[in-house]
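Working through the structure, step by step
The chain contents come next:
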Amino acid sequence: YELNEDVAAAYLMSTFERGGWRVLYGVRYEDTDFDAVGTRLVVDDVNGDGEAVLVPAPFEKSYDNWLPSLNVRWETGNLVFRGGATMTLARPNFAELSPGGEIELEEDDGETEVSAEIGNPELDPVESTNFDLGVEWYPGGVSVLSAGLFYKDIDNFILIADVADQIDLEDLVGAPVDDAEVIQPINGDNAKLFGVELAAVKQFESGLYLSANGTYVDSEARYPGRDGKDVMPRTPEWVLNGAVGWENRHVSVRLAVTYRDIALLGTEDLEDADFDIFQDEHTQVDLSAKWNITNQWQLAFAATNLTDEPFYSYFGNRSYNSQFEEYGRTYSLGIKYTPFQ
């Protein structure tokens, strides 16, 4: 297959500053032309007796977007306030747009079964309207406390789904099909996100430093062919990070912990939420250290996933396993030489 994407863009931007105020505002225009050519394999007889014919499968899409933005910053004493209103665009990546993939056909008791994972060159870009508010407090030294609120109204978000009931299977494989599973990225309808962010960093004169941050997201999304509201794909409700470390001119050591809440990965059946696939909550502990032997030589060590946390996903309920993988711990040791220091 072949994909081509041409983007023409222009923007106007201006900045206003007075006293503790700084206002950045402008608008960006983008025009996108996308085209792709894949190859279909058409077989007259699924049993293999017919002649296989390669048929080009062309796709094309054009769209344009106006993306205004406004960002305001106000500083007073050791406080900084921020606010923003923007419209943003995220194009699907080429793997999602690919007019290709893997398709398997099997004959079982006289019935033809298809299993496929394919891209979707007809995906629309993700469009979002965003509002942000934040405040930062610098009490002195190397330390900061910050808090933020954000709201996003998203159209055409992308999810992974089994679309076997929504597409022409005979057009996909070139022959009649009795049963199929076709996994493909598709556009959802609309999603709304409201979130809170908190963060703190403190470094002491002794070299000890502490950091922590957390994000809470309340999301709701509408899926094509499904009544009601669900959560946004790949959007955990809680994400928490914490780190403790110590450093001086020669040595730096850091122990970090990351927690990610349950997140929706995809849907096996758009009409039945019981078959939605969720990634289970995950906690990971990592250790890193650096030693500046001289101004030119540095020794670095890293240990990842110290608690051997597995990857686990499930259908609807934790009792129904979808995927379980153990990666173990990873250790790395390296040396870096910088000749011009």
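Before going into details, it helps to say that this report is about the structure given with it.

Description of empty space enclosed by the protein
Regions of empty space are outlined by a rolling probe, equal in size to a water molecule, passed over the atoms. Within the structure shown, the criterion is met by 1 cavity of 30 Å³ or more. What the largest cavity holds in volume is close to 50 Å³. Glu 5, Phe 34, Lys 61, Tyr 63, Pro 92, Leu 97, Pro 121, Leu 123 and Pro 125 together form the lining of the largest cavity. Taken together, the residues of the lining of the largest cavity sort by class into 7 nonpolar, no polar and 2 charged.

A closer look at the side chain of Asp 230
Relative to the elements of secondary structure, Asp 230 occurs in the loop between strand 12 (208-222) and strand 13 (238-247). Under the relative-accessibility criterion, Asp 230 is labelled buried at 17%. Among all residues touching Asp 230, those that are not within four sequence positions of it are Ser 219, Glu 220, Ala 221, Tyr 223, Ala 273 and Asp 276.

A word on the side chain of Thr 86
Summarising the element assignment, Thr 86 is placed in strand 4 (residues 79-90). The exposure class of Thr 86 is buried, given its relative accessible area of 18%. Sequence-distant contacts of Thr 86, that is, excluding residues within four places in its chain, are made with Pro 68, Ser 69, Leu 70, Asn 71, Ser 128, Thr 129 and Asn 130.

Details of the environment of Val 201
Note that Val 201 resides in strand 11 (residues 190-203). Note on Val 201: relative accessible area 36%, which makes it partly exposed. Counting along the chain gives 59 residues from Val 201 to Val 142, while the straight-line C-alpha distance between them is 7.6 Å. Those residues in contact with Val 201 that lie beyond four places of it in its chain are Val 142, Ser 143, Val 144, Leu 210 and Ser 211.

So, the layout of surface pockets
Quantified by volume, the largest pocket comes out at close to 780 Å³. Lining the largest pocket are 33 residues, and of these Arg 40, Ile 103, Ile 118, Leu 172 and Gln 184 sit closest to its centre. Elements with a contribution of two residues or more to the lining of the largest pocket: strand 2 (21-43), strand 3 (52-76), strand 5 (101-108), helix 2 (169-173) and strand 10 (179-187). In terms of residue count, strand 2 provides more of the lining of the largest pocket than any other element does, 5 residues in total. Reported here for the second largest pocket is a volume of approximately 230 Å³. What lines the second largest pocket is a set of 19 residues, among which Arg 82, Leu 133, Gly 134, Glu 136 and Ala 147 lie closest to the centre. In the lining of the second largest pocket, the residues fall into 8 nonpolar, 6 polar and 5 charged.

Quick notes on the nonpolar core
Counting 34 residues, the largest nonpolar core has Ile 154, Phe 157, Leu 159, Val 182 and Ala 191 as its most contacted members. Look past the residues within four positions of Phe 157 in its chain and what remains in contact with it is Val 126, Ile 186, Asn 187, Gly 188, Asp 189, Asn 190, Ala 191, Ala 221, Arg 222, Tyr 223, Met 232 and Pro 233.

Points about unusual backbone geometry
Negative phi values dominate among residues other than glycine, just as trans dominates among peptide bonds. Of note, Asn 305 is a non-glycine position whose phi angle comes to about 60 degrees, a positive value. Relative to the helices and strands, Asn 305 resides in the loop between strand 18 (297-304) and strand 19 (311-315). A positive phi angle is found at Asp 308, which is not glycine, with a value near 55 degrees. Mapped onto the secondary structure, Asp 308 falls in the loop between strand 18 and strand 19.

Structural notes on the pattern of salt bridges
Taken as a whole, this structure holds 11 salt bridges when the rule is applied. The salt bridge partner of Glu 136 is Arg 82, with a shortest N-O separation of 2.8 Å. You can see Glu 136 sitting in strand 7 (residues 126-137) and its partner Arg 82 sitting in strand 4, a full 54 residues away along the chain. By sharing partners, the salt bridges in this structure join Arg 28, Glu 30 and Arg 91 into a single network.

Rules of the game
Residues numbered from 1 in each chain as written. Predicted model: local features only at pLDDT ≥ 70, side-chain atom pairs only at ≥ 80, totals over all residues. Heavy atoms only, no water. 1 Å grid on protein atoms, 1.4 Å probe; cavity = no way out; pocket = protein on both sides within 12 Å on 5 of 7 lines; lining within 4 Å. Points joined across faces, edges and corners; volume = space filled by probe spheres on them. Nonpolar A, V, L, I, M, F, W, Y, C, P; charged D, E, K, R; others polar. Helix = DSSP H or I, 4+ residues; strand = E, 2+ residues; numbered from the N terminus. Buried < 20%, exposed > 50% of the residue type's maximum accessible area, 1.4 Å probe, protein only. Contact = heavy atoms within 4.5 Å. Core = buried A, V, L, I, M, F, W, Y, C linked by side-chain atoms within 4.5 Å. Salt bridge = Lys/Arg side-chain N within 4 Å of Asp/Glu carboxyl O.

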